[in-house]
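Chain residues, written in single-letter form:
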Amino acid sequence: MNRKELSFEMGSRLKSLREERHISYQELADALLEKYGIKISKDSLRDYEISSDYRSKAKSLPNLGMRTEYLIALSDFYEVSTDYLLCKTDCPCQDMKIREMCEYTGL
């Protein structure tokens, strides 16, 4: 997977996780500030979800430059592994043993 494909897949995963919880960018920004003390603007959160060339900032692949603390906070908030957000695995589970089983069995 090249950098662009990785960025778009990561953006797609972040968007899906947010939409599954039926929360807006502002609600997510507020939750991250309250729970983790991390201030991320709703515009930055939207940019991290870029998953196509049609967005104005798509060429800069903003999610690949995301701060580590943001990645960790999003991972914890969505209850998925950082490896899942980084597209290193398709299994979203944080538990390594369960993730290994998923990868072994292909589930």
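Worth saying up front: this structure is predicted, and the values here are computed from it rather than measured.

By the secondary structure assignment, arginine 13 is in helix 1 (residues 3-20). Owing to a relative accessible area of 7%, arginine 13 belongs among the buried residues under this scheme. From its side chain, arginine 13 meets the backbone oxygen of tyrosine 84 in a polar contact 2.6 Å long. When residues no more than four places from it in sequence are discounted, the contact partners of arginine 13 are Tyr84, Cys87, Thr89 and Asp90.

A separate point is the packing of aromatic side chains. The full count for this structure, using the stated rule, is two aromatic pairs. Between phenylalanine 77 and tyrosine 78, the aromatic rings sit 5.3 Å apart at their centres with planes inclined by 75 degrees, giving edge-to-face as the arrangement. For the residue pair phenylalanine 77 and tyrosine 78, the accessibility class agrees, reading buried in each case. Taking NZ or CZ as reference, arginine 18 lies 3.9 Å from the ring centre of tyrosine 25, over its face. Arginine 46 extends its terminal NZ or CZ atom over the ring of tyrosine 25, reaching a point 5.7 Å from the ring centre.

A word on helix 1. Along its 18 residues, helix 1 runs 26 Å from first to last C-alpha, staying within 8% of the 26 Å computed at 1.5 Å per residue. Within the span of helix 1, buried status applies to Ser7, Phe8, Met10, Gly11, Arg13, Leu14, Leu17 and Arg18. Considering only its buried residues, helix 1 is in contact with helix 2 (25-36), helix 3 (42-48), helix 4 (68-78) and helix 5 (82-85). Between the side-chain oxygen at the start of helix 1 and the backbone nitrogen of lysine 4 there is a gap of 3.0 Å, and the oxygen is on asparagine 2. One or two positions beyond helix 1, positive phi appears at histidine 22, with a value near 55 degrees.

Conventions we followed
Residues numbered from 1 in each chain as written. Predicted model: local features only at pLDDT ≥ 70, side-chain atom pairs only at ≥ 80, totals over all residues. Heavy atoms only, no water. Helix = DSSP H or I, 4+ residues; strand = E, 2+ residues; numbered from the N terminus. Buried < 20%, exposed > 50% of the residue type's maximum accessible area, 1.4 Å probe, protein only. Polar contact = N/O pair within 3.5 Å; in protein donor to acceptor, adjacent residues only side chain to side chain. Contact = heavy atoms within 4.5 Å. Phe/Tyr/Trp six-rings, centres within 6.5 Å; stacked < 30°, edge-to-face > 60°. Lys NZ or Arg CZ within 6 Å of the ring centre and 35° of its normal. Expected span 1.5 Å × (residues − 1).

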